[in-house]
Amino acid sequence: MPSDCSTTSGRTARNTALAPTGPPPARLVLLFAIACGSAVANVYFAQPLLVTLGERFSLGSGLLGAIVTVTQAGYAAGLFLLVPLGDLADRRRLITLQLGLLAAALLAVALAPGTAVLLAALAMVGALAVVAQTMVAAAAHLAAPAFRGRVVGAVTSGVITGILLARTVAGVLADLAGWRSVYLFSAAVTATLAVLLRRALPAGPPPAARLPYRRLLASTVTLFAGNRLLRVRGALALLVFAAFSTLWSSVVQPLSSPPWSLSHTAIGAFGLAGAAGALAAGIAGRWNDRGLAQRTTGTALVLLALSWLPLAFTRQSLWALAVGTVLLDFAVQAVHVTNQTLIHAVRPDAGSRIIGGYMIFYSAGSALGATGSSLAYAAAGWPGVSALGAAFSCAALLLWATTRTP
């Protein structure tokens, strides 16, 4: 069996011959964006429902973060075990198969009779929701380098919209028909998208990697161990999404208690305040195509740190929460798009492995923020949560400042 290194020149020649000369068709980019948004929304549906799920399954406030953490743990496992398959298998078959299995896992959540089944099904939902990253890698692979930033930005806009609408849709459906309806609805949507993508996706090219599965996974670790840019951008993702998860995993608790005592619908609607994040993805993608990645990253990280100033006053003002949410979501998504554009360019032929490895950092940060914010809220209330989020944000800014290159 030829080694990964010995086959690189052959792959390069084949990839050059098959290299795209422009962006993918607009309708395919739109379908990618919708499907990515729908898939990743499943990871966030539980956030506005945490208090309700805690009451239904008898979980204390300090354990509510476990609902988010187990989903993120499944997501991290899927990123390492499933996303690299995009470099080995036909992406059309892989994407539609994962969506079908995701629909089944969502149905299991909706029908969960107890805590053990709920957590196990949520872990499976997290693992299979990584199909969104397989689609991001597929979209990047179908775009010429000069268009890659804006294509990744457009698809990521769908991801962001899915994250934002997840909270709103979950809140509305839970108020109308109970929390189980949220997952029943998502199962139906996911199954429909599997059929549409099966019809719309082009037949895949020959696999970029011809490695046994075990060596394919090992090569993901090797790629990050041998490339400083991948490690730095992965560490930035961990810290940035720890800050993001610190807010969204805990904000439901002050909003659902006095003086606000908001409904599921009202809490979910606050996700829409972060709609600026979708705008940030498009802007960041275009700036990256113009070679402004470092400037974009630095500006976004400053905004991320500043966002916790208004967020600290959430118990006193919902307007402060809205302003802080806009700043935080804009900053997080600008950094995220910049990271994905830069890392894919390191080894386009290993795009799925690189995106999957990078997103493991993302998932670890999300789990860290969810667990940390639950403990911080139980120990010190919202001021403790705000201090934790600010600490993650300032650490990300410091990391960028000490590792950036011109």
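Residues numbered from 1 in each chain as written. Predicted model: local features only at pLDDT ≥ 70, side-chain atom pairs only at ≥ 80, totals over all residues. Heavy atoms only, no water.

Asks: Residues and numbers for the overall build of the protein, please.
Replies: A tally of regular secondary structure across the protein gives 17 helices and 0 strands. Residue pairs in contact within the protein that sit at least 24 positions apart in sequence constitute 85% of those at least 6 positions apart. As presented, the protein carries roughly 15200 Å² of accessible surface, and 72% of it is formed by carbon and sulfur atoms. (Helix = DSSP H or I, 4+ residues; strand = E, 2+ residues; numbered from the N terminus. Contact = heavy atoms within 4.5 Å. Areas by Shrake-Rupley, 256 points an atom, 1.4 Å probe, with all protein chains shown as cover.)

Asks: How would you summarise the packing of helix α11 (residues 228-248) against helix α16 (residues 318-344) if you had to cite specific residues and measurements?
Replies: Taken N-terminus to C-terminus, the directions of α11 and α16 make an angle of 160 degrees; their axes are 10 Å apart at the nearest point. As summarised for this structure, α11 and α16 are arranged roughly antiparallel, according to the angle between their axes. For the element pair α11 and α16, the recorded crossing hand is left-handed. For the pair α11 and α16, the contacting residues are L229, L230, R233, L236, A237, V240, F241, A243, F244, L247 and W248 in the first and L321, T325, L328, D329, V332, Q333, V335, H336, T338, N339, L342 and I343 in the second. Of the residues belonging to the contact of α11 with α16, the class tally is 16 nonpolar, 5 polar and 2 charged. (Axes fitted to C-alpha atoms, helices over the stretch in contact; angles between N-to-C directions. Parallel < 35°, antiparallel > 145°, perpendicular 65-115°, else oblique. Left-handed = near helix turned anticlockwise from the far one by under 90°. Nonpolar A, V, L, I, M, F, W, Y, C, P; charged D, E, K, R; others polar.)

Asks: Lay out the packing of aromatic side chains in plain terms, naming residues and giving numbers.
Replies: Taken as a whole, this structure holds 8 aromatic pairs when the rule is applied. Measuring from ring centre to ring centre gives 5.9 Å for Y75 and Y362, while their planes differ by 45 degrees; the resulting arrangement is tilted. Of this pair, Y75 sits in helix α4 (residues 65-81) while Y362 sits in helix α17 (residues 351-403), and the two are 287 residues apart along the sequence. When sorted by exposure, Y75 lands in the same class as Y362, which is buried. One aromatic cluster in this structure is built from Y44, Y75, F241, F244 and Y362. Here the basic side chain of R56 rests over the ring of F57, its NZ or CZ set 4.7 Å away from the ring centre. (Phe/Tyr/Trp six-rings, centres within 6.5 Å; stacked < 30°, edge-to-face > 60°. Buried < 20%, exposed > 50% of the residue type's maximum accessible area, 1.4 Å probe, protein only. Lys NZ or Arg CZ within 6 Å of the ring centre and 35° of its normal.)

Asks: Now, about the pattern of salt bridges: what can you tell me, with residues and values included?
Replies: Within the structure shown, the criterion is met by 2 salt bridges. The salt bridge involving D87 is made with R91; its shortest N-O contact spans 3.5 Å. Given the relative accessible area of 15%, R91 is considered buried. For R353, the salt bridge identified is with D87, shortest N-O distance 2.9 Å. Of this pair, R353 sits in helix α17 while D87 sits in the loop between α4 and α5 (91-110), placing them 266 residues apart in sequence. The pair formed by R353 and D87 is uniform in burial state, with each residue classed as buried. Several salt bridges share partner residues, and in doing so they unite D87, R91 and R353 into one network. (Salt bridge = Lys/Arg side-chain N within 4 Å of Asp/Glu carboxyl O.)

Asks: Provide a residue-level description of a nonpolar patch on the surface, including the pertinent values.
Replies: Taken together, the side chains of L107, L111 and L184 make up a nonpolar region of the molecular surface, amounting to roughly 280 Å² of accessible area. Exposure remark for L107: the relative accessible area of 40% places this residue in the partly exposed category. (Patch = residues over 30% accessible without salt bridge, like charges linked within 9 Å, V, L, I, M, F, W, Y side chains within 5 Å.)

Asks: If you had to explain the side chain of T314 to someone new, which residues and values would you point to?
Replies: Relative to the helices and strands, T314 resides in the loop between α15 (293-311) and α16. What makes T314 buried here is its relative accessible area of 0%. Among the polar contacts listed, one links the side chain of T314 to the backbone oxygen of L311, at a separation of 2.7 Å. What T314 contacts, discounting residues up to four positions off in sequence, is L255, W260, L321 and W382. (Polar contact = N/O pair within 3.5 Å; in protein donor to acceptor, adjacent residues only side chain to side chain.)

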